[in-house]
Amino acid sequence: MATPVFEPWNDPDEKPLIQFQNVSKRFGDFTAIDDLTIDIFEREFFALLGPSGCGKTTMMRMLAGFEAPTEGKIFLAGQDIAPVPPNQRAVNMMFQSYALFPHLSVWENIAFGLKREGMPRNEINARVDEMLRLTRLEKFARRKPHQISGGQRQRVALARSLAKAPKLLLLDEPLGALDRKLREETQFELMDIQEKTGTTFVIVTHDQEEAMTVASRVAVMDNGQVKQVATPADIYEAPNSVYVADFIGDVNLIEGKATATGKGSYALHWRDGVEPLTVESQNIFSDGQTAHLAIRPEKVTISADRPAKAANAVQGKVLDIAYLGNLSTYHVELPTGDVIKAQTANTRRISRRAYTWEDTVWLSWTASGGILLAN
Amino acid sequence: MRRFLLISVPYIWLLALFLVPFVIVLKISLSDAAIARPPYMPTFDWAEGIWAFLSQLDLENFTWLIEDDLYWKAYLSSLKIALTSTILTLFVGYPIAYGMARAPEEWRPMLMMLVILPFWTSFLIRVYAWKGILANEGFLNQFLLWTGLATEPLQILNTTTAVYIGIVYTYLPFMILPIYAALDRMDDSLIEAAEDLGCSRMSAFWLVTIPLSKGGIIAGCFLVFIPAMGEFVIPSLLGGSDTLMIGKVLWEEFFSNRDWPVASAVAVILLLILVVPIVLFQRNQQKEQESDT
């Protein structure tokens, strides 16, 4: 029996845990959040992704209660949380700086929130021990925050914010201070812990790889607006705008005028005197409308000869090769002056590489390889 | 050799400017008063030899200090005034330091400047100015009479209250600066984290802000207590005849009584009393440094 797919956002009966309804937040003249409506469901691992200053941190701080929305309402489990102060919300936050209390030991840091609740001592002991086990910190319980490493501090911060078993856990750039290797390990740990505890996680990050790895859904934000909310695969394969396509991963963008050639099929006239490109698209375009073809470099095939059956093929010269070890990205300059990126997996050793600088090559892709976007 | 030289500089400094003067004072305190120049005996004479010299020294002055209740009363009263004014300074200084640390970034250098500014005029003149404020026909009383808060002038000048006002005013910057330094270093997100974990504003202050500024509070208290203990100028300018402070007693022994040996004995005891808080202060500083690394 297959396990049911976790997709509460597609279930009309499912009640969202968090609802943003037309929320705006302004600081003086500056609009940090602009008329934002979003639903987040229970047990989701929801990522807010965007460049710095896009309003993602403001959104999180409104959830935690450190900022109040200027307009609109935020509901947590159906209840308007505007009048609830931060210390009474069933929401805990893991701070970017971790904000561990330097005068308290790891154990006392984790117990801090429980003590404020007035939990009996033996229950606190049991709960803290459980958290220490969950985050593998048993050995460091007596240490002060400055006596442990960055990765351990990060886990203390996580344990402390999870200790009160919040309905919602907010993570503000939680892995920003860790080096790459540790960050990748910790991402999986976070997912593991999220699954074990069943807590709803909202993570703020500017690192798209991180968002794609951990999240069940990603909201791409820009200038206080949500550009797209979708699963990582949809965000990557079916971006709804040039901004999202460009923000997530690497992409070739080709601008041109679309002409319908059949049902869901278009010809993209992108340069005078050059053969138009054949594109299949779900989005509807009127004849002559400006359209952008977004195609990922790994969907572009590179070959020495013109492939026989390719829907689209262009010839060019290798301008640059970015060697990443497992992959190589070829920057190919077309006679028109445009540069198209093609990516191939390095299945052979580098000494046997087929193409090198200045080689004339053919680039080809299928009609459905890319996506046609209006803006 | 070079290292030895480098280390020896502060030690030579201490030897010449602290230890040698202290030994001289200690010696005078063990001597007898005399109508002579200098006003004590014995003085060291090469011809008589060191033993003859040492045999003339005794603890007579220290016994005198214990027998006459003026001295231990003055010590106790100084201790009480110094302690009380340290606590008062803390209560006035902490909110000021807190306000400074919370002020917008661009205001802080200016606020800091305002705290330090009084040091630019002579301490003596500033204390003297308080006489004008606190006197019976001074500004404060005139203001109180004008507002109707008092029907007759309050006697503040020449009382212990005036001494407290003077000490708190004078030493306030010494309290504010270390506390401000501690609060300024503190990460604001710690308070948010405390609130996020269920603290009210008030309990976040007690559980996070106060413990994290403890180092500054302790440093500030010592910086006020130690000089307040031996304070002489403030009680003699603002205090009355009933304000007993050891600094004043010391002054009178030296200059009015010209009894250098007794005055030296008073100074030696004062130093011994202050050594305890100074050692504690050093310990605290050391612990601070260790926990920072």
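Residues numbered from 1 in each chain as written. Chains lettered and ligands numbered in written order. Predicted model: local features only at pLDDT ≥ 70, side-chain atom pairs only at ≥ 80, totals over all residues.

Caption draft 1: Up close: the overall build of chain B. Looking only at helices and strands, chain B features 14 helices and two strands. The C-alpha radius of gyration computed for chain B amounts to 24 Å, which surpasses the reference 19 Å derived for 293 residues by more than 25%, pointing to a less compact arrangement than a globule. Expressed as lengths along the three principal axes of its C-alpha atoms, the size of chain B is roughly 80 × 65 × 35 Å. Here chain B holds 293 residues, and the buried ones make up 31% of them. Partitioning the intrachain contacts of chain B with sequence separation of at least 6 by distance along the chain shows that 71% fall at a separation of at least 24. (Helix = DSSP H or I, 4+ residues; strand = E, 2+ residues; numbered from the N terminus. Rg over C-alpha atoms; globule rule 2.2 N^0.38 Å. Buried ≥ 20, exposed ≤ 12 C-beta atoms within 10 Å, placed from the backbone. Contact = placed C-beta atoms within 7 Å.)

Caption draft 2: Examining the domain arrangement of chain B more closely. All names here are of chain B. Domain parsing of chain B yields domain 1 (13-55) and domain 2 (59-292). For domain 1 versus domain 2, the separation of C-alpha centres amounts to 35 Å. In this complex, domain 1 contributes eleven residues to the contact, which on the side of domain 2 involves eleven residues. Looking at the side of domain 1 that touches domain 2, the elements that each hand over two or more residues are helix 1 (2-29) and strand 1 (32-33). The element best represented in the side of domain 1 that touches domain 2 is helix 1, accounting for four residues. (Domains from an automatic or database assignment.)

Caption draft 3: Quick look at the pairing of strand 2 (residues 30-40) of chain A. Residues and elements named next belong to chain A. Strand direction decides the pairing type here: strand 1 (residues 18-27) and strand 2, joined by seven bridges, are antiparallel. Within the sheet, the bridge partner assigned to Phe27 lies in strand 2 and is Phe30. Hairpin connection from strand 1 to strand 2: two residues lie between these consecutive antiparallel strands, with Gly28 at a positive phi of about 65°. (Pairing = 2+ DSSP bridges.)

Caption draft 4: Structural view of unusual backbone geometry. Of note, the bond from B:Met41 into B:Pro42 is cis; its omega dihedral lies within 30 degrees of zero at 0°. You can see B:Pro42 is positioned in the loop between strand 2 (40-41) and helix 2 (50-55). At A:Glu173, a position not held by glycine, the phi torsion is positive, near 40°. Relative to the helices and strands, A:Glu173 resides in the loop between strand 7 (168-172) and helix 5 (180-197). For B:Arg258, which is not glycine, the phi torsion reads 50° and is therefore positive. If you trace the backbone, B:Arg258 turns up in the loop between helix 13 (246-256) and helix 14 (260-292).

Caption draft 5: A look at the packing of helix 9 (residues 189-196) of chain B against helix 10 (residues 201-212) of chain B. All names here are of chain B. Taken N-terminus to C-terminus, the directions of helix 9 and helix 10 make an angle of 135°; their axes are 10 Å apart at the nearest point. Our classification of the angle between helix 9 and helix 10 gives oblique. In terms of crossing hand, the pair formed by helix 9 and helix 10 is right-handed. For the pair helix 9 and helix 10, contact is made by Leu190, Ile191, Ala194 and Glu195 and by Ala204, Leu207, Val208 and Thr209, respectively. Of the residues contributing to the contact of helix 9 with helix 10, the split by class is six nonpolar, one polar and one charged. (Axes fitted to C-alpha atoms, helices over the stretch in contact; angles between N-to-C directions. Parallel < 35°, antiparallel > 145°, perpendicular 65-115°, else oblique. Left-handed = near helix turned anticlockwise from the far one by under 90°. Nonpolar A, V, L, I, M, F, W, Y, C, P; charged D, E, K, R; others polar.)

Caption draft 6: Geometry of the confidence of the model for chain B. Scored by pLDDT, chain B comes out at a mean of 89, with 99% of its residues at no less than 70. Prediction confidence for the complex, expressed as pTM and ipTM, is 0.80 and 0.81 respectively. (pLDDT = per-residue confidence, 0-100.)

Caption draft 7: Up close: the sheet that holds strand 9 (residues 217-222) of chain A. Residues and elements named next belong to chain A. Overall, mixed pairing links the six strands, which are arranged 6-7-8-3-9-10 in an open sheet. Where the open sheet ends on each side, the last strands, each with one partner, are strand 6 (91-94) and strand 10 (225-230). Looking at each pair of strands side by side, their axes are set apart by 20° on average, direction ignored. With five bridges connecting them, strand 9 and strand 10 associate as antiparallel partners.

Caption draft 8: Structural context of the nonpolar core. Counting 100 residues, the largest nonpolar core has A:Ala47, A:Leu63, A:Ile110, A:Leu170 and A:Val202 as the members making the most contacts within it. Per-element accounting of this core gives the leading share, six residues, to helix 2 (residues 106-117) of chain A. Setting aside residues up to four positions removed in sequence, A:Ala47 forms contacts with A:Ile203, A:Thr205, A:Ala211, A:Val214, A:Ala215, A:Val218 and A:Ala219. Residues B:Tyr71, B:Trp130, B:Ile179 and B:Phe222 belong to the second largest nonpolar core, which totals 52 residues. (Core = buried A, V, L, I, M, F, W, Y, C linked by C-beta atoms within 7 Å.)

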